[in-house]
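Letter by letter, the chains look like this.
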Amino acid sequence: MSSFFQSVHHGDSVVRTTRQATPIVSTRFFSAFKPIQFLENLKQMRFSGQLVFTARTGQQWFIYLSLGKIICATGGVHVVRRWRRHLATHCPQMLTRSLARQWDLSGLDITAFTACWEYQLLCLWVAQQQISREQAAKIIRLIITEILFDVVQAMPVTHQIKEDHSLSGQLVPIDVQQALTEIEIRWQVWRDAQVVHYCPNLAPVIKQPEQLRQRTSAQIYQTLTRLLNGQYTLYDIAVLMKRDVVQVVSSFLPYLHLELVELISIPDLATPVRPTVPTPPIISKAAEPAQFLVACVDDSPLVCKTMESLLTAAGYEFLGVSDGLRAIAMLLARKPDVIFLDLVMPNTNGYEICAHLRKLSYFRTTPILILTGNDGIVDRVRARLVGASDFLSKPLDAGNVLSAIRKHLEQGATRHSSLP
């Protein structure tokens, strides 16, 4: 296999006859990371749950976080292929053993197997001392990097967050900044190799066998026919050849440019674990995010921006107000369903605004949540006296913010349903 790479890089006939390709420079490079940089907000707010990315095609990727750190990731077009590749590289004994026994699930509660079975299997194997914690952490980190790369390549994508505590950080959680740094390096390598437009989840197949035979040696052609049979993706071939996937894609570029080889989509392998699909919880219609407008009155642009990112990703509409003096007029104009109110602002304060709002008939029962960096008993008592519904401390915690919104919306729905 090494001779294949040597011939391509050192002047095989296919390279000499390949027309000069126009350099591919991605104009998306500087904006490609915007969707995944939302992870930084979730890190700052110590979010626990799912971050779901959705492409225009409907393809989805799921990032699981605990207190702002990444536990694991799954989704995409080839969940099982990706899993088997990384097992073959880092835990080959488990791949052979598991395939022979159709995966050892004796230690798992299958009824609770609702998300990220790859992670749960790793947790099981570490607990059984069949693999080391370091091996599991390496596989998880590679899966996360691969998934984030897929998300960047799939732009534009949308993102949404969901509260989810089904997984715990039993293994080593991954720092968000570390993951973002790794994906930026990976994207830079692909850009420098001018292959950013080639998806490594596609499978190369021979399109013109006779022309390919004429342009390659017998040995290279034999290697190509064995690998380019529509059964292996570029990622798979990289593992088989023990090469970096960028090197593999670069080596196939001459054949792709001459249209001797083409890239096609292939299906995933059979799922080794078929999780039980849980019955969706019955949620009060009053608590469905899409119907509600949440306002944040805070003189800090960073707080408003962070809240906007969090709440829009959770499905709420958002209104940010940075000028405390204009707050009442803007709130009256939009009539939000929940109001977050900073305690300390220039020219006014949260107590005064809250007291004014409670005098208005429309806002007498609206949930008003005070935000402050000074979590003292005096502030809490005073906030209650002016009619505040709740009190949240800064720096904001994503779980607390979302739980508070949901709690007060559901309490409001209960109050309304009890009215004659």
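Since this is a predicted model, take the numbers as computed values, not measurements.

(A) Spotlight on the pattern of salt bridges. Per the stated rule, a full pass over the model turns up ten salt bridges. Across the salt bridge formed by K43 and D175, the nearest N and O atoms sit 3.2 Å from each other. Separated by 132 residues along the polypeptide, K43 in helix α3 (residues 34-44) and D175 in the loop between β4 (157-163) and α8 (176-192) bring together distant segments of the chain. Residue classification places D175 among the partly exposed positions, given a relative accessible area of 23%. Where R406 meets E410, a salt bridge forms, and the shortest distance between an N and an O atom there is 3.5 Å. Here E410 and R406 lie together in helix α17 (residues 398-417), a separation of four residues that amounts to about one turn. Taking the relative accessible area as the measure of exposure, R406 reaches 24% and is therefore partly exposed. Among the charged side chains, a network of salt bridges with common partners joins R81, R85, E146 and D236.

(B) A look at the packing of α3 against α8. Running from N to C, α3 and α8 cross one another at 165 degrees; their axes reach a closest spacing of 9 Å. The orientation of α3 with respect to α8, classified from their angle, is roughly antiparallel. Like other packed secondary-structure pairs, α3 and α8 cross with a definite hand, here left-handed. Across the interface between the two elements, I36, Q37, L39, E40 and K43 from α3 touch V176, Q177, L180, I183 and E184 from α8. The class makeup of the residues in the contact of α3 with α8 is five nonpolar, two polar and three charged.

(C) Molecular detail of the nonpolar core. Counting 105 residues, the largest nonpolar core has I63, I161, M307, L311, F340 and V401 as the members making the most contacts within it. Not counting chain neighbours up to four residues away, the residues in contact with F340 comprise V294, A295, C296, V297, M307, L369, L371, L392, V401 and I405. Counting residues in hydrophobic clusters, the runner-up holds 21 residues, among them A327, L357, F363 and I368.

Criteria and cut-off values
- Residue numbering note: each chain is counted from 1, following its sequence as written.
- Owing to the predicted nature of the model, reporting of local features is limited to residues with pLDDT of at least 70; listing and counting of side-chain atom pairs is limited to 80 or more, with chain, interface and lining totals taken over all residues.
- Hydrogen atoms and water are omitted, and side-chain values are computed over all heavy atoms in the structure.
- For this document, the term salt bridge refers to a Lys or Arg side-chain nitrogen within 4 Å of an Asp or Glu carboxyl oxygen.
- Helix and strand labels come from DSSP, where a helix needs a run of H or I of at least four residues and a strand needs a run of E of at least two; each type is numbered from the N terminus.
- Working definition: with a 1.4 Å probe on protein chains only, accessible area under 20% of the residue-type maximum means buried, over 50% means exposed, and in between means partly exposed.
- Here an angle of 0 to 180 degrees is reported between the N-to-C directions of two axes, which are lines fitted to C-alpha atoms, with helices fitted over the stretch in contact.
- Here roughly perpendicular refers to angles of 65 to 115 degrees, roughly parallel to angles under 35, roughly antiparallel to angles over 145, and oblique to all remaining angles.
- Handedness of each helix crossing follows the sense of rotation of the near helix against the far helix: counterclockwise by less than a right angle gives left-handed, clockwise gives right-handed.
- Should any heavy atoms of two residues lie within 4.5 Å, those residues are counted as being in contact.
- Polarity classes work like this: nonpolar for Ala, Val, Leu, Ile, Met, Phe, Trp, Tyr, Cys and Pro, charged for Asp, Glu, Lys and Arg, and polar for all others, with Gly in that last group.
- Residues belong to one nonpolar core when they are buried, are Ala, Val, Leu, Ile, Met, Phe, Trp, Tyr or Cys, and are joined through side-chain atoms within 4.5 Å.

So far we have only geometry, and geometry alone does not tell us how the molecule works.
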